[in-house]
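Take a look at the letters that make up each chain.
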Amino acid sequence: MEFTEWIRGRTDEQLRALVSARPELITPVPAHLEGLASRAGSPSAIGRVLDRLDRFTLAVVETLAVQDGPVAKERLRELVSAALPAGGEPGTAGGGGDAEPALSAALDRLCDLALVYGPDDALELGPGVRKVLEDPAGLGPRAVDAFRHHPPEQLDEMADDIAPDTRGSGKERLAAALAEPAALVESVSPEARGALEQLAWGPPTGRVPNARREVRVASARSPIEELLARGLLAATGEESVTLPREVGLYLRGGRVHRGLLAVPPPLEGATRDKDLADRTAAGQAFSFVRSVEELCDRWSVDPPGVLRTGGLGVRDLKRTAGELDVPEWVAALVIEVAYAAGLIAAGGGVDGEWLPTSGYDLWRVRATADRWVTLATTWLHMDRVPGLVGERDERDRPLNALHTDLRRASAPGVRAATLGVLAAAPGLAPARDSVLERLAWEQPRRRGPLRERLTEFALREAEQVGVTGLGALSAHGRALLEGGEPAEALAPLLPEPVDHVLLQADLTAVAPGPLTSELNRWMTLTADVESKGGATVYRFSESSIRRALDAGHGGEELVSMLARHSATPVPQALSYLVTDVARRHGRIRVGTASAYIRCDDPALLDQITADRRSAALRLRRLAPTVIASRSSRAALVDSLRAMGYAPVAESLDGDVIISQLDSRRTEGPAPVRTVSSGNGLDPEVAAAAVRALRAGDAAHLARREPVEAPGGQVPRGPATATISALQEAIKQGVRVWIGYLDSQGNATSRILEPARMEGGYLTAYDETRAAVHRFALHRITGVAGL
């Protein structure tokens, strides 16, 4: 049976399953099923679907690939069973038992993916699959392929040595001798046999000097020459050799694989209490949201610059890590997720600064659980890898946070696969090696050092983001992975924000829990964070009180806020501190002369001019209450504060300047677009594509002539009615008559069988042209039924 005919014989349900599992086959929709079959056999499409196969299913494909021609299911079962454990496996049959259930499931999946086709007594790989598989099961090419580049004269000599009584060309005689290589293998020395054993289970290639040397059996002097003379090794280059497939299968005793598992390897790790893991993850989720919020608040006032090469400077990363009180890798994670979520972006002046976006203002007013879902979803789907920050690229250049070189296309898939492994073991915190082993079984073609590192990053970052708790997948993490309602699962577990602190006599305040966002910002402005943990400790000082006063708060207002948000009375020492700083605050005013000092108390100005520390300010008394300076206003304010005074800056109009900078914003790129957790193809799109394929295939087989559109007035109508009519026609699978403007603006009539509508285009079979076409929706003037 030909592959195209097998595709054509599949039911609509089976075709929908095929295009849903392999959406690249209908991008765009082929004109007919013959085109679909051709696209399914392209190397890129085959490589993409092979990458999704698990180890056992891939082994079935490899077993078929090393056979010549179709294979019966019974024979396939024997070959696969030989590699399964002799005592059987949990949940499936082993080598000594019945491998039928696992094999049947694997074949059903391969048929659904159009990688295998045909009846049970003649199973065959789809076109192109053998070409994509390089060295299947670690076996080399067949003898006829391994020796195809050898000179005919050399092949004749080799055939004369190992098969002197046979007839035919040298290549044919050599291939016939290697089909039964037992005598040849047994005739070599133990050293040569050892070299063969090293290549037996793959990889089948090796390197030897002068591999293309001409050598006869009688003149062979080394183990390698023995193998080359007998055709047991084939030269593929000047210094490379390969083991012919027939020889490899003999050395393996007829087995294709050394060992297989029909089920995933069991996960090993520590068992966690589910409720405890969920609460721990919720606490981490809350902390992560607060870290992003604090980052954006700090950068809105004091934004770091953008490097010339792009990204964030190392010093700025270290400073941010210190301000957030987290390790540098956690700070890089917070920054990268905030950037990918569209909360920060490059903006500002010519050199550029990293600033919060307007989207941050919308994000921070939402509920904490909803804010976390935004961040966690972004982390799961972004292609940036924060774990690489601080390393160096292939050119030995540092990889900075927010640099474009942090993108890795495989990162989202690795995160999803890693969380999928955790989801398979509820209440278990699997060990790193156990997770890597499971992933190696689930997607063996995607193994590699980078994938292992990305898996380690995913496990570490999932714990920090709050997707996992104590190494086990949380309830809200599972909902996030499976497309549920993570916010609903997380909200009851989040710590309830408190709106009060405990003021103490030593000028400290203790927050007994996470503060509300507004109170947290106010406390961060008024006091310095001394320690974090279950309870955050804040310390009030003259500089922190002055910072609040500089931001526009009055002394009485500060005392009132402290009294309103404290569960204990305001200590007298704190009240005195606020009153004293407020009393002195603003008595001295600084303007621009370059700058000037103004004060209503001449005695205080006398004290300043008499102070030796003011000599560097180059002060000049203009009036009893005014002193001018050549220093800038900012330098003058800082110097007077260092001398123990409490000046405030004033504008040219004499108004006090609020030193707290206005929060700055920039327009950032769109946040990371999320995709569904399934195969990414809408069922209606798959159904529409199959209808279009069937219609196009029927026309292709019937070779229908184009039909004439009905005469009369071209259909016209409002755009909304047109789109609604087309959507209904797609659902019902009926034909419609449309009016369409061509590229020159001429009105035409078309009879269509609509298939799908997306991106402003309608894909349909055009009966007036006898072909599948795409129509721009804005050019359709109207729709009428037939």
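All figures in this text were calculated on a predicted structure; none of them were measured in a lab.

### Comments concerning the overall build of the protein chain
When helices and strands are counted, the protein chain shows 33 helices and 25 strands. Since a compact globule built from 786 residues should have a radius of gyration of about 28 Å, the 37 Å found for the protein chain marks it as more spread out than a globular shape. For the protein chain, the spread of C-alpha atoms along the principal axes amounts to about 125 × 90 × 50 Å. The buried share of the protein chain, reckoned over its 786 residues, is 49%. In the protein chain, of all internal contacts separated by at least 6 residues, the share reaching a separation of at least 24 is 66%. Total accessible area computed for the protein chain in this model is approximately 36,800 Å², and 50% of it derives from carbon and sulfur atoms. Considering the protein chain, the positive charge centre built from 92 side chains and the negative charge centre built from 105 side chains are found 4 Å apart.

### A word on helix 7 (residues 100-112)
End to end, helix 7 covers 18 Å across 13 residues, agreeing with the expected 18 Å (1.5 Å per residue, within 8%). Where helix 7 is buried, its residues contact helix 1 (3-8), helix 5 (55-65), helix 6 (73-81) and strand 1 (116-117). Residue Ala114 follows helix 7 closely and has a positive phi angle near 60 degrees.

### Concerning the pairing of strand 21 (residues 736-741)
With five of its six residues buried, strand 21 lies for the most part within the structure. With six bridges joining them, strand 21 and strand 22 (residues 747-758) adopt antiparallel strand pairing. Bridge assignment links Trp737 to a residue of strand 22, and that residue is Ile751. Between strand 21 and strand 22, which pair antiparallel one after the other, the connecting turn spans five residues, and Gly745 there sits at a positive phi close to 85 degrees. By the bridge criterion, five bridges tie strand 21 to strand 25 (residues 780-785) in an arrangement that is antiparallel. Counted as the bridge partner of Trp737 is Ala784 from strand 25.

### Structural notes on unusual backbone geometry
With an omega of -5 degrees, the peptide bond running from Thr27 to Pro28 counts as cis. The topology assignment puts Pro28 in the loop between helix 2 (12-21) and helix 3 (33-40). At the junction of Gly202 and Pro203, the peptide bond is cis and its omega measures out at -5 degrees in the coordinates. At Ala137, a position not held by glycine, the phi torsion is positive, near 60 degrees. Assignment of secondary structure puts Ala137 in the loop between helix 8 (129-132) and helix 9 (143-146). Its relative accessible area of 12% is what places Ala137 among the buried residues. Here the phi dihedral of Asn210 falls at roughly 50 degrees; this positive angle occurs in a residue that is not glycine.

### Thoughts on the packing of helix 22 (residues 432-442) against helix 23 (residues 449-465)
Relative orientation of the contacting elements helix 22 and helix 23 amounts to 125 degrees, with a least axis distance of 11 Å. Viewed along their axes, helix 22 and helix 23 adopt a mutual orientation that is oblique. As helix 22 runs across helix 23, the sense of the crossing is right-handed. Residues Arg432, Val435, Leu436 and Leu439 of helix 22 form the contact with helix 23, whose participating residues are Arg451, Glu452, Thr455, Glu456 and Leu459. Class assignment for the residues of the contact of helix 22 with helix 23 results in four nonpolar, one polar and four charged.

### What to know about the pattern of salt bridges
Tallied over the entire structure, the rule returns 56 salt bridges. Across the pair Asp316 and Arg319 runs a salt bridge, and its minimum N-O distance is 3.6 Å. Note that Asp316 and Arg319 are positioned in helix 17 (residues 314-324) at a spacing of three residues, about one turn of the helix. We classify Arg319 as partly exposed; its relative accessible area is 28%. One salt bridge connects Arg384 with Glu336, and the closest N-O pair in it is separated by 2.3 Å. In this pair, Arg384 sits in the loop between helix 20 (368-381) and helix 21 (411-423) while Glu336 sits in helix 18 (residues 328-340), placing the two residues 48 residues apart along the sequence. Where salt bridges share partners, they join Arg290, Glu293, Asp297, Arg364, Arg371, Glu518 and Arg521 into one cluster.

### Observations regarding the packing of aromatic side chains
Applying the stated criterion across every chain yields a total of six aromatic pairs. On the numbers, 6.0 Å between centres and 55 degrees between planes, the contact of Trp6 with Tyr117 is tilted. Of the two residues, Trp6 is situated in helix 1 and Tyr117 in strand 1; the sequence distance between them amounts to 111 residues. A relative accessible area of 9% means that Trp6 is categorised as buried. Ring centres of Tyr339 and Trp354 lie 5.9 Å apart, and the angle between their planes is 90 degrees; on these two criteria the pair is classed as edge-to-face. Here the residue Tyr339 occupies a position in helix 18, and Trp354 occupies one in strand 8 (residues 353-356), the gap between them amounting to 15 residues. Comparing Tyr339 with Trp354, the two get one shared label, buried.

### Structural notes on the confidence of the model for the protein chain
The predicted model of the protein chain averages 86 in pLDDT, with 92% of residues at 70 or higher. Between the elements of the protein chain, mean pLDDT differs from a low of 74, seen in strand 16 (residues 588-591), to a high of 95, seen in helix 18. In this model, residues 88-97 is a region of pLDDT below 50 whose contacts with residues beyond four sequence positions or in other chains number 26 contacts. Taken together, the stretch residues 674-679 has pLDDT below 50 and engages in eight contacts with residues farther than four places along the chain or on a different chain.

### Considering the nonpolar core
Counting 67 residues, the largest nonpolar core has Val292, Leu343, Trp372, Leu375, Trp379, Leu419 and Val467 as its most contacted members. For this core, the leading source of residues is helix 18, giving 10 residues. For Val467, the contacting residues outside a window of four places in its chain are Trp372, Trp379, Leu419, Ala462, Leu473, Ser474, Gly477 and Leu480. Grouped together as the second largest cluster of nonpolar side chains are 58 residues, Ala45, Ala59, Leu113 and Trp441 included.

Reading guide: rules and limits
Residues numbered from 1 in each chain as written. Predicted model: local features only at pLDDT ≥ 70, side-chain atom pairs only at ≥ 80, totals over all residues. Heavy atoms only, no water. Helix = DSSP H or I, 4+ residues; strand = E, 2+ residues; numbered from the N terminus. Rg over C-alpha atoms; globule rule 2.2 N^0.38 Å. Buried < 20%, exposed > 50% of the residue type's maximum accessible area, 1.4 Å probe, protein only. Contact = heavy atoms within 4.5 Å. Areas by Shrake-Rupley, 256 points an atom, 1.4 Å probe, with all protein chains shown as cover. Lys, Arg positive; Asp, Glu negative; His and termini not counted. Charge placed at Lys NZ, Arg CZ, Asp CG, Glu CD. Expected span 1.5 Å × (residues − 1). Pairing = 2+ DSSP bridges. Axes fitted to C-alpha atoms, helices over the stretch in contact; angles between N-to-C directions. Parallel < 35°, antiparallel > 145°, perpendicular 65-115°, else oblique. Left-handed = near helix turned anticlockwise from the far one by under 90°. Nonpolar A, V, L, I, M, F, W, Y, C, P; charged D, E, K, R; others polar. Salt bridge = Lys/Arg side-chain N within 4 Å of Asp/Glu carboxyl O. Phe/Tyr/Trp six-rings, centres within 6.5 Å; stacked < 30°, edge-to-face > 60°. pLDDT = per-residue confidence, 0-100. Core = buried A, V, L, I, M, F, W, Y, C linked by side-chain atoms within 4.5 Å.

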